[in-house]
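Chains, contacts and geometry: an overview
What follows is each chain in one-letter form.
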2 protein chains.
Amino acid sequence: MTDLLISWIDSANSDATDFPLNNLPYGVFLAEDGSGHCGVAIGAHILDLHAVEAAGQIDFSGTLCQGDWSPFMARGTSEWARLRSWLQSTLAKGASEQPLLEPHLVSLGQAQMLMPFRVSEYTDFYASRHHATNVGMILRGADGSLPANWLHIPIGYNGRASSVVVSGTDVRRPSGQLKAMDETAPRLGASQRFDFELELGAVVGQASQGPINVGQAFENIFGYVLLNDWSARDIQAWEYLPLGPFQSKATATTISPWIVTTAALEPFRTNTPERDVPLLDYLTELGPMLFDIDLNVAIKPENGPETTISRTNYASMYYSAAQQLAHHTSSGCPMRVGDLLGSGTISGPEKTARGCMLEITWGGQQPVELSSGAMRTFLEDGDTVILRGGSVAKDYRVGFGACVGKVVPNGTM
Amino acid sequence: MTDLLISWIDSANSDATDFPLNNLPYGVFLAEDGSGHCGVAIGAHILDLHAVEAAGQIDFSGTLCQGDWSPFMARGTSEWARLRSWLQSTLAKGASEQPLLEPHLVSLGQAQMLMPFRVSEYTDFYASRHHATNVGMILRGADGSLPANWLHIPIGYNGRASSVVVSGTDVRRPSGQLKAMDETAPRLGASQRFDFELELGAVVGQASQGPINVGQAFENIFGYVLLNDWSARDIQAWEYLPLGPFQSKATATTISPWIVTTAALEPFRTNTPERDVPLLDYLTELGPMLFDIDLNVAIKPENGPETTISRTNYASMYYSAAQQLAHHTSSGCPMRVGDLLGSGTISGPEKTARGCMLEITWGGQQPVELSSGAMRTFLEDGDTVILRGGSVAKDYRVGFGACVGKVVPNGTM
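Residues numbered from 1 in each chain as written. Chains lettered and ligands numbered in written order. Predicted model: local features only at pLDDT ≥ 70, side-chain atom pairs only at ≥ 80, totals over all residues. Heavy atoms only, no water.

1. Regarding the overall build of chain A
If you tally the helices and strands in chain A, you get ten helices and 27 strands. For a compact globule of 413 residues, the expected C-alpha radius of gyration is about 22 Å, and chain A comes in at 21 Å, within 12% of that figure. Each principal axis of the C-alpha atoms in chain A carries an extent, and together these give about 70 × 55 × 35 Å. Within chain A, the proportion of its 413 residues that are buried is 63%. Put simply, 70% of the contacts in chain A that link residues at least 6 apart link residues at least 24 apart. For chain A, the computed accessible surface area is about 14,300 Å², with 51% contributed by carbon and sulfur atoms. Of note, chain A has its 27 positive side-chain charges centred 5 Å away from the centre of its 43 negative side-chain charges. (Helix = DSSP H or I, 4+ residues; strand = E, 2+ residues; numbered from the N terminus. Rg over C-alpha atoms; globule rule 2.2 N^0.38 Å. Buried < 20%, exposed > 50% of the residue type's maximum accessible area, 1.4 Å probe, protein only. Contact = heavy atoms within 4.5 Å. Areas by Shrake-Rupley, 256 points an atom, 1.4 Å probe, with all protein chains shown as cover. Lys, Arg positive; Asp, Glu negative; His and termini not counted. Charge placed at Lys NZ, Arg CZ, Asp CG, Glu CD.)

2. Looking at the domain arrangement of chain A
Residue and element names in this part refer to chain A. Here chain A is partitioned into domain 1 (10–114) and domain 2 (122–408). With centres defined by C-alpha atoms, the gap from domain 1 to domain 2 works out at 28 Å. At the junction of the two partners, domain 1 supplies 29 residues and domain 2 supplies 26 residues. For the pair domain 1 and domain 2, the two sides together bury roughly 2,000 Å², of which 67% comes from carbon and sulfur. It is Tyr-26, Met-73 and Trp-80 in domain 1 that bury the most area against domain 2; as a group they hold 27% of the surface buried on that side. One salt bridge connects Asp-18 with Arg-397, and the closest N-O pair in it is separated by 2.7 Å. (Domains from an automatic or database assignment. Buried area = accessible area lost by both parts, 1.4 Å probe. Salt bridge = Lys/Arg side-chain N within 4 Å of Asp/Glu carboxyl O.)

3. Some points on the interface of chain B and chain A
Think of interface size as the accessible area that goes away when the parts come together; that is how it is often given. Facing the 54 residues of chain B at the interface are 54 residues of chain A. Between chain B and chain A lies a buried interface of about 4,900 Å² when both sides are counted; carbon and sulfur atoms form 58% of it. Area buried by chain B at its contact with chain A is led by Arg-160, Leu-243 and Phe-246 of chain B, which between them contribute 17% of it. On inspection of chain B and its partner chain A, the count reaches four salt bridges. Two residues, Arg-160 of chain A and Glu-121 of chain B, come together in a salt bridge whose shortest N-O distance is 3.4 Å.

4. Some remarks on helix α9 (residues 321–328) of chain A
Along an α-helix, residues three or four apart share an orientation, since each turn contains 3.6 residues. All names here are of chain A. Among the eight residues of α9, eight are classified as buried, and the element is accordingly described as predominantly covered. Ala-321, Ala-322, Gln-323, Gln-324, Leu-325, Ala-326, His-327 and His-328 are the residues of α9 that are buried. Contact partners of the buried residues in α9: β6 (122–125), β7 (156–158), β13 (198–204), α6 (214–220), β14 (221–229) and β22 (340–342).

5. Things to note about the sheet that holds strand β3 (residues 45–48) of chain B
Adjacent strands of a sheet form backbone hydrogen bonds with each other and so pair up, either parallel or antiparallel. All names here are of chain B. Overall, antiparallel pairing links the five strands, which are arranged β4-β3-β2-β1-β5 in an open sheet. Sheet topology places β4 (105–107) and β5 (113–114) at the edges, where each strand pairs with a single neighbour. With two bridges joining them, strand β1 (residues 26–30) and β5 adopt antiparallel strand pairing. Each residue of the ladder has a partner; that of Phe-29, found in β5, is Met-113. (Pairing = 2+ DSSP bridges.)

6. Section: the packing of aromatic side chains
Aromatic ring pairs: the centre-centre distance and the angle between the two ring planes describe each pair. Within this structure, the stated rule accounts for 32 aromatic pairs over all chains. Between Phe-246 of chain A and Phe-125 of chain B, the ring centres sit 5.9 Å apart and the planes meet at 90°, which makes this aromatic pair edge-to-face. Of this pair, Phe-246 of chain A sits in the loop between α7 (233–239) and β16 (253–255) while Phe-125 of chain B sits in strand β6 (residues 122–125), each in a different chain. There is no split in this pair, since Phe-246 of chain A and Phe-125 of chain B are both buried. Among the aromatic residues, ring-to-ring pairing joins Tyr-26, Phe-60, Trp-69, Phe-72, Trp-80 and Phe-222 of chain A into one connected group. Directly above the aromatic system of Phe-60 of chain A lies the positively charged group of Arg-82 of chain A, at a separation of 3.9 Å from the ring centroid. (Phe/Tyr/Trp six-rings, centres within 6.5 Å; stacked < 30°, edge-to-face > 60°. Lys NZ or Arg CZ within 6 Å of the ring centre and 35° of its normal.)

7. Some thoughts on the sheet that holds strand β5 (residues 113–114) of chain A
Residue and element names in this part refer to chain A. Read from one edge of the open sheet, five strands run β4-β3-β2-β1-β5, paired in antiparallel fashion. With partners counted over all chains shown, the strands left at the sheet margins are β4 (105–107) and β5, one partner each. Direction of pairing for strand β2 (residues 36–42) relative to strand β3 (residues 45–48): antiparallel, over a ladder of four bridges. Considered in β3, the bridge of Val-40 is made with Leu-47.

8. Details of the relation of the copies chain B and chain A
When chain B is fitted to chain A, the best match, at an RMSD of 0.0 Å, comes from turning it 180° and sliding it 0.0 Å along the axis. The transformation just described matches what one would write down for a two-fold rotation axis. Looking at the rotation axis and the C-alpha trace of chain B, the residue lying nearest is Gly-244 of chain B, at 2.2 Å. Both copies present the same face, since 100% of the interface residues in chain B are matched by interface residues at the equivalent positions in chain A. (Least-squares fit on C-alpha atoms with pLDDT ≥ 70 in both.)

If you want it as structure tokens, here you go:
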């Protein structure tokens, strides 16, 4: 485990910030010229990398001036390393570049964040054993708790890239076809069981054609974001057999504005849990490819304080993003820069570590109490869901910032 | 029903061509300058619309010079009508523009066709009642033949846009996780039950945010392509529960090079079949939104003649593309220019009208004989699958050209 790297930006040198010099996550903010600028978070500031490249202080062929991180990602892993190395050097305490860079700092607290990259396609997985087991028990009874293929395949399904939005975007409660077990015919109505899902999203930074192995898959992942895969459980229950979730997951998926790079998470690599049954060779990891990332979820009702309702860790997942990506290519499926892979809901073994309301309230049967005294089974209009997370070292943390979305009533917007 | 429109291009005036003046489908071909040019098929020729716009003979703000049809589609329905009207006027017999346009004709037979548009996202549906019933019987036994929601929802799932290829592209037999019913553990291997699916693809030409009704959905569809959704049935059987098909459908989806516009199909509009149970209002059609399109499938083994193994009609589908698109937006899912909606396998009521090998050979139990005497349960290496289709009027047909793909062995390419 490395130590805190000291920056000439004081706010980056605290163990309370998500953004020390060890982190350097990439995002896009709305600049004064009205366009999106690529930037890197450092302490309480953003360094405007669009401006830095435009001023000729670095040269990445103009890819940092193109409004999002996709063009830079496409340049490849050695360029990823070159930018990170340059930033860790020039932002370090005592660096001679300080006077040149200081004019390009903007306040993080004032910035409006935009989508950090163009999502090519979005795939969602189902890789937490605790989540899959709980959902199996809630929906299908104790017997059929884990699907027959689950210990062999990192189960995934294709989601909808057009619905991915950045943190801070309001989310309208969806309508859809609903049919309760005791109703004879479906009806169109607003979802009454609207839920969040706490996930981590892996951002694919290199294209591939044909199958790739787990090691290559790990290398192709540029970084990770927090991800909330909003889910309408009542729409889902009626639609999902036989071809999987569709409109229940198409309203919105919210991601954090900051991509924490794989390089920044390197000190926090950890092994996936022990296998019950051996995996096929194409899914076998050669080293630790999961990460130790503390995660939590808070709900803040309209006009009330927020309550943390879940605390868990990404290290509890049965499959890593590298395994998921390798499986994703097994049939020859081409992957592109900007593909986003959701981990699946991250639930730990404890009751307090469940990653969605479906599990927390056990299908709505066990309401949870917020600190205001209000009870929740599923989300109410006006509720803001806040995901936070980070990897914690002795004297610093590598954090993601917050991933925030507020539920607004059906029929508005 | 309108009559054949007579063109100054003689080959367009035959009832044998797919491309009379009544049709005017849009595609992209590899031009002598090495780039993709937008063109329109007319008889045995392609009119190079990139060259026509570059020469100043028409003005669509340069969108016909951008290498595919997506920029033009984004300009909207009145521009779609303006281009069609201009083409039907200037390509008509006696048109004064003949000398100006003749230099921009290229031979259709010599042209290499490219992807006609950029696929934003790809969704596949399951809208043939005969197909859904047959698959239910083959996979789940006679009792559970039609899923409980099937008569209420145009069931769909998200596919993989990166795997969509244009007709003529070879398709590698995929590998994947396989597990036969009598095997205790899965293995990685080449699919032994590789199949085609005869479908029609609807090309979304206008973006939308939030739910749209069926009428608006019909207007937003630019046109239709033939579509072969290659499917590895053995991978599918093992992976699809509980979240739907994933790698079994991610190897390739082949589309015809020509987009036949909704305008060209207007004379062939027909009603969806009578409903068993009433649909919810948001799915109710106000007029005929399906089309009478004859379709057939041929298999051509390596070094052998082709055999037509299925003849069916798009008019047998239970749900139209407009209904599918309206449902797709019901949760607020944003749609974008270039979204592609597969109809689902098109099977008619007759045994000779089944749209995939799974049905034709009843799960591989009833092999089909090709004219060479060879037997097939699923596709063999070297087999070329050819989809053809068109709407037939008294003295002309509006055709799609062929949608062709050859299966090459696993491990090659």
